[in-house]
Structure formats: structure tokens, C-alpha cells
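Breakdown of the fold
These are the residues of each chain, in order.
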Amino acid sequence: MSSETPAGAQLPVVTPARVLAGLSLLLPVVAMLWVSSYTKKTPELGGVPFFYWYQLAWVPASAIFTVAAYLLLRRDEQARKAAAGGASA
């Protein structure tokens, strides 16, 4: 299969990079909405119950997943521009 796209051809909307970006944005949301998975007191971390430190741990983790999604989408858009012949912009 050629990586060249014929002029006027439609590029696919759903790409693996976009799927991964969506999953990386969805994961923190699902983790926080699934409350029954972290409604417990143990294990404690520095005297802080699991319920609290688990939620706080997701703050930087969510930032990392968001950055990963951004980078995936940016790379996908660059590939789309290159395939469409707009790589010089």
C-alpha cells in the first residue's frame, strides 16, 4: 500500500493516533467516575487514606495523559498536512 494519497482523495477520519488520543483522555475520567474502585481507607500513604491520595495522584497523571493526547493529535495533523501536500506551511 502506498503512503501517497491521490489528489482529492479523502483521508480517513479515524486513525490509530486519534483513537489513542481519545482513550488517553477517557482513562482519567473513567478512573475518577468508578468510585467503588477507590472507596477504601487502606492502604494509607503518609497517614493519608487511600481515598484521598488516589484522587490526588490522578491530577498529575491526568496532565500526562492530556499531553500525550495533544502530542498524538499534533503528529496526526502534521501527517495529514503532509499527505495533502501542505507540508510547506
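Residues numbered from 1 in each chain as written. Predicted model: local features only at pLDDT ≥ 70, side-chain atom pairs only at ≥ 80, totals over all residues. Heavy atoms only, no water.

1. Focus on the nonpolar core
Counting residues in each nonpolar core, the largest one holds six residues, listed as Ala-31, Tyr-38, Phe-50, Tyr-54, Trp-58 and Ala-61. Per-element accounting of this core gives the leading share, four residues, to helix H2 (residues 50-84). Filtering out sequence-adjacent residues up to four positions away, Phe-50 remains in contact with Ser-37, Tyr-38, Lys-40, Lys-41, Thr-42 and Pro-43. (Core = buried A, V, L, I, M, F, W, Y, C linked by side-chain atoms within 4.5 Å. Buried < 20%, exposed > 50% of the residue type's maximum accessible area, 1.4 Å probe, protein only. Helix = DSSP H or I, 4+ residues; strand = E, 2+ residues; numbered from the N terminus. Contact = heavy atoms within 4.5 Å.)

2. Section: a nonpolar patch on the surface
A contiguous nonpolar patch, built from Val-13, Val-14, Val-19, Leu-20, Leu-23, Leu-26, Val-29, Val-30 and Leu-33 and spanning about 840 Å² of accessible area, is present on the exposed surface. Here Val-14 shows up in the segment before helix H1 (16-33). Overall, the relative accessible area of 63% leaves Val-14 in the exposed class. (Patch = residues over 30% accessible without salt bridge, like charges linked within 9 Å, V, L, I, M, F, W, Y side chains within 5 Å. Areas by Shrake-Rupley, 256 points an atom, 1.4 Å probe, with all protein chains shown as cover. Salt bridge = Lys/Arg side-chain N within 4 Å of Asp/Glu carboxyl O.)

3. Concerning the UniProt feature "transmembrane region" (unreviewed entry) in the chain
Feature annotation in UniProt assigns "transmembrane region" (unreviewed entry) to the following positions: residues 20-39 and 51-73. When the span residues 20-39 is considered, its composition is 70% helix and 0% strand, and the gap between its end C-alpha atoms is 28 Å. As a span, residues 51-73 carries 100% helix and 0% strand, and end to end its C-alpha atoms are 33 Å apart. (UniProt positions renumbered as here; feature names shortened; annotations may be inferred.)

4. Side note on H2
Spanning 35 residues, H2 covers 50 Å between terminal C-alpha atoms, matching the ideal 51 Å at 1.5 Å per step. In H2, a bend of some 30° at Pro-60 exceeds every other bend along the element. Among all positions of H2, only Phe-50, Tyr-54, Trp-58, Ala-61, Ala-69, Leu-72, Asp-76 and Arg-80 are buried. The elements touched by buried residues of H2 are H1. In the segment just after H2, Gly-85 is the residue with positive phi, at about 90°. (Expected span 1.5 Å × (residues − 1). Bend = angle between axes of the 7 residues up to and from the residue.)

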